[in-house]
Amino acid sequence: RLFAQKACAGCHGSSAPYLGHGEEASSYGMVAVLWRHGPPMLRQMQSKKVSWPQFTGPEISDIVAFLKASK
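Residues numbered from 1 in each chain as written. Predicted model: local features only at pLDDT ≥ 70, side-chain atom pairs only at ≥ 80, totals over all residues. Heavy atoms only, no water.

Participant: How should I be thinking about the pattern of salt bridges in this particular structure?
Facilitator: Pairs can form between side chains of opposite charge once their charged atoms are near each other. Here the structure, examined in full by the defined rule, presents 1 salt bridge. In this structure, E59 and K6 form a salt bridge, with 3.4 Å as the shortest nitrogen-oxygen distance. Residue E59 is located in helix α4 (residues 57–69), and its partner K6 is located in the loop between α1 (2–5) and α2 (9–12); the two are separated by 53 residues in the primary sequence. (Salt bridge = Lys/Arg side-chain N within 4 Å of Asp/Glu carboxyl O. Helix = DSSP H or I, 4+ residues; strand = E, 2+ residues; numbered from the N terminus.)

And the structure:
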């Protein structure tokens, strides 16, 4: 539900992005993913006039759990 609410599904579809190297296993891994994926993602979002999503601490935990479950 959060994945859709934060408009992630608008670009990623109804499923979570595949993180095949275990990046979702830690907060450091997630930062590394966003470090690589963030700039192109931001450009794409700007071209679609979509705002960068803001997450609370519990929401980040939920998104990470979703990514782990989607493997």
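Participant: Please explain helix α3 (residues 27–47) as it appears in this structure.
Facilitator: Because each turn of an α-helix spans 3.6 residues, side chains separated by three or four positions end up pointing in the same direction. Between its terminal C-alpha atoms α3 stretches 28 Å, which fits the 30 Å expected from 21 residues at 1.5 Å a residue. Where α3 bends most, at H37, the angle is about 50 degrees, and the proline P39 comes one to four residues later. Where α3 is concerned, the buried positions are G29, M30, V33, G38, M41 and M45. Contact partners of the buried residues in α3: α2 and α4. Two residues or fewer after α3 comes K49, characterised by a positive phi angle close to 60 degrees. (Expected span 1.5 Å × (residues − 1). Bend = angle between axes of the 7 residues up to and from the residue. Buried < 20%, exposed > 50% of the residue type's maximum accessible area, 1.4 Å probe, protein only. Contact = heavy atoms within 4.5 Å.)

Participant: Sorry if this is basic, but what is going on with the nonpolar core here?
Facilitator: Within soluble globular proteins, side chains that are nonpolar generally end up buried alongside one another. Formed by L2, A16, M30, I63, V64 and L67, the largest nonpolar core amounts to 6 residues. Looking at this core, the element that brings in the most residues is α4, giving 3 residues. (Core = buried A, V, L, I, M, F, W, Y, C linked by side-chain atoms within 4.5 Å.)

Participant: Would you take a moment to explain a nonpolar patch on the surface for this structure?
Facilitator: Taken together, the side chains of L34, L42 and W52 make up a nonpolar region of the molecular surface, amounting to roughly 250 Å² of accessible area. Counting through the fold element by element, W52 comes out in the loop between α3 and α4. (Patch = residues over 30% accessible without salt bridge, like charges linked within 9 Å, V, L, I, M, F, W, Y side chains within 5 Å. Areas by Shrake-Rupley, 256 points an atom, 1.4 Å probe, with all protein chains shown as cover.)

Participant: What am I meant to see in the packing of aromatic side chains here?
Facilitator: The tally for this structure, following the rule as stated, stands at 1 aromatic pair. On the basis of an interplanar angle of 45 degrees and a centroid distance of 5.1 Å, the ring pair of F3 and F66 is categorised as tilted. Taken as a pair, F3 in helix α1 and F66 in helix α4 lie far apart in primary sequence, 63 residues in all. Sitting over the ring of F55, K6 keeps its end group 5.3 Å from the ring centre. (Phe/Tyr/Trp six-rings, centres within 6.5 Å; stacked < 30°, edge-to-face > 60°. Lys NZ or Arg CZ within 6 Å of the ring centre and 35° of its normal.)

Participant: Just to check I follow, could you spell out α4 for this structure?
Facilitator: With 13 residues, α4 ought to run about 18 Å at 1.5 Å a step, and its terminal C-alpha atoms sit 19 Å apart, in line with that. What α4 keeps buried is the set I63, V64 and L67. Down the axis of α4, the buried side of the element spans an arc of 100 degrees, and every buried residue falls inside it. More than 90 degrees from the buried face of α4, the exposed residues found are P58 and A69. The secondary structure elements touched by the buried residues of α4 are α1 and α3. (Arc of directions from axis to C-beta.)

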